[in-house]
Amino acid sequence: MEEESSRSTATAGPSVPATAPGPSVPPALAPFAGRWVGDGKGAYPTIDDFAYTEEIEFTASGKPFLGYRSRTWATDDGRPLHSESGYLRLVAEDEAELLIAQPTGFVEIHRGQIREGTIELSMLSLSASPDAKPVHNVRRKLSVRGNDLTYDLWMAHGPTPLTHHLHGHLRLD
């Protein structure tokens, strides 16, 4: 019985202290890490203006990227509106890529310089499933100032050229 017990312990792997530190975050991405909660407004020439609440999470992985997830709900009745997920990854000391998949049938890859807590992202690639709406271009800007995250999104859809579509203001939760 004693021999069995020592064998189990030997194969269990290294012990982890109860207060193990969390995964490290690359310094350039550190301002974005966390759970952000707030509100946004949307407008586009082909739809009525709308308001929404949002939760964005940038989670550390111990690698040179943060996991990304965004979920939105209608302000008026709480119904789910949109979600997307992906990664914010460091590709150089002050340059990042944002990779996003959407359940609406889109995959986006953006790249931009990180300057003073702001990333102005340019589209590198936009792929769509055959059933997705006719989105032709997307541009994003993310900015962190203290405990505030703001973002803007521009979109070209159908015959409408690149037009401002979304603005969000969230606070670190």
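Look above for the structure.
These remarks concern the structure in this document. (Residues numbered from 1 in each chain as written. Predicted model: local features only at pLDDT ≥ 70, side-chain atom pairs only at ≥ 80, totals over all residues. Heavy atoms only, no water.)

Comments concerning the sheet that holds strand E9 (residues 148-157)
Which entries qualify depends on this criterion: Strand pairing is defined by DSSP finding a minimum of two bridges between the two strands. For helices the rule is a DSSP run of H or I covering at least 4 residues; for strands it is a run of E covering at least 2, with both sets numbered from the N terminus onward. Note on geometry: axes are lines fitted to C-alpha atoms, helical ones only across the stretch in contact, with angles between N-to-C directions running from 0 to 180 degrees.
As summarised here, the arrangement of the ten strands in space is E1-E2-E3-E4-E5-E6-E7-E8-E9-E10, forming a closed barrel in which the pairing is antiparallel. Neighbouring strand axes in the sheet, compared pairwise and without regard to direction, differ in orientation by 25° on average. In this structure, strand E1 (residues 34-44) lies alongside strand E10 (residues 160-172), joined through seven bridges in antiparallel fashion. Within E10, the residue paired with Asp39 across the bridge is His169.

Examining the layout of surface pockets
Unfilled space is identified by rolling a water-sized probe across the atoms. Operational definition: Using a 1 Å grid laid over the protein atoms alone, points where a 1.4 Å probe fits but cannot get out form a cavity; open sets with protein on both sides within 12 Å along at least 5 of 7 lines form a pocket; any residue with an atom within 4 Å of a point counts as lining. Grid points are joined across faces, edges and corners, and a volume is the space filled by probe spheres set on the points.
The computed volume of the largest pocket comes to approximately 910 Å³. Taken together, 36 residues form the lining of the largest pocket, with Phe50, His82, Met155, His165 and Leu166 sitting closest to its centre. By residue number, the principal contributor to the lining of the largest pocket is strand E2 (residues 47-60), which donates six residues.

Comments concerning the pattern of salt bridges
In plain terms, the rule: Think of a salt bridge as a Lys or Arg side-chain nitrogen and an Asp or Glu carboxyl oxygen that are within 4 Å of each other. With a 1.4 Å probe rolled over the protein chains alone, any residue whose accessible area is under 20% of its type maximum counts as buried; one over 50% counts as exposed, and the rest are partly exposed.
Per the stated rule, a full pass over the model turns up 14 salt bridges. The salt bridge partner of Glu57 is Arg69, with a shortest N-O separation of 2.4 Å. Linking Glu57 in strand E2 with Arg69 in strand E3 (residues 65-74), this pair joins segments that are twelve residues apart in sequence. Between Arg79 and Asp77 there is a salt bridge, with the nearest N and O atoms lying 2.8 Å from each other. With relative accessibility at 40%, the residue Arg79 sits in the partly exposed group. Salt bridges sharing common partners tie together Arg35, Glu55, Glu57, Arg69, Arg71 and Asp173.

Some details on unusual backbone geometry
Positive phi, normally seen in glycine, also occurs at Glu116, with a value near 50°. On the secondary structure map, Glu116 appears in the loop between strand E6 (106-115) and strand E7 (118-128). Given a relative accessible area of 73%, Glu116 falls into the exposed group.

A word on the side chain of Glu55
Short version of the rule: Residue contacts are counted whenever heavy atoms from the two residues lie within 4.5 Å of one another.
Along the chain, the position of Glu55 falls in strand E2. Excluding anything up to four places from it in sequence, Glu55 contacts Arg35, Trp36, Arg69, Ser70, Arg71 and Trp73.

Some thoughts on the pairing of E7
Pairing of E6 with E7, which is carried by eight bridges, proceeds in the antiparallel orientation. Paired with Ile114 across the bridge in E7 is Ile119. If you look at the hairpin formed by E6 and E7, you'll find two residues sitting between the two strands, and Glu116 has a positive phi there, around 50°. Sheet topology places E7 next to strand E8 (residues 135-145); four bridges connect them, and they run antiparallel. The partner of Ile119 across the bridge, within E8, is Leu142. Linking E7 to E8, which pair antiparallel, is a turn of six residues.

Looking at the side chain of Glu84
The criterion, for reference: What qualifies as a polar contact is a pair of N or O atoms within 3.5 Å, subject to a donor-acceptor requirement within protein and to the restriction that residues adjacent in sequence count only when both atoms come from side chains.
By the secondary structure assignment, Glu84 is in strand E4 (residues 80-92). Within polar-contact distance, the side chain of Glu84 engages the side chain of Tyr68 at 2.7 Å. With residues up to four places along the chain from it excluded, the contact list for Glu84 reads Tyr68, Arg69, Ser70, Ile100, Ala101, Gln102 and Arg140.

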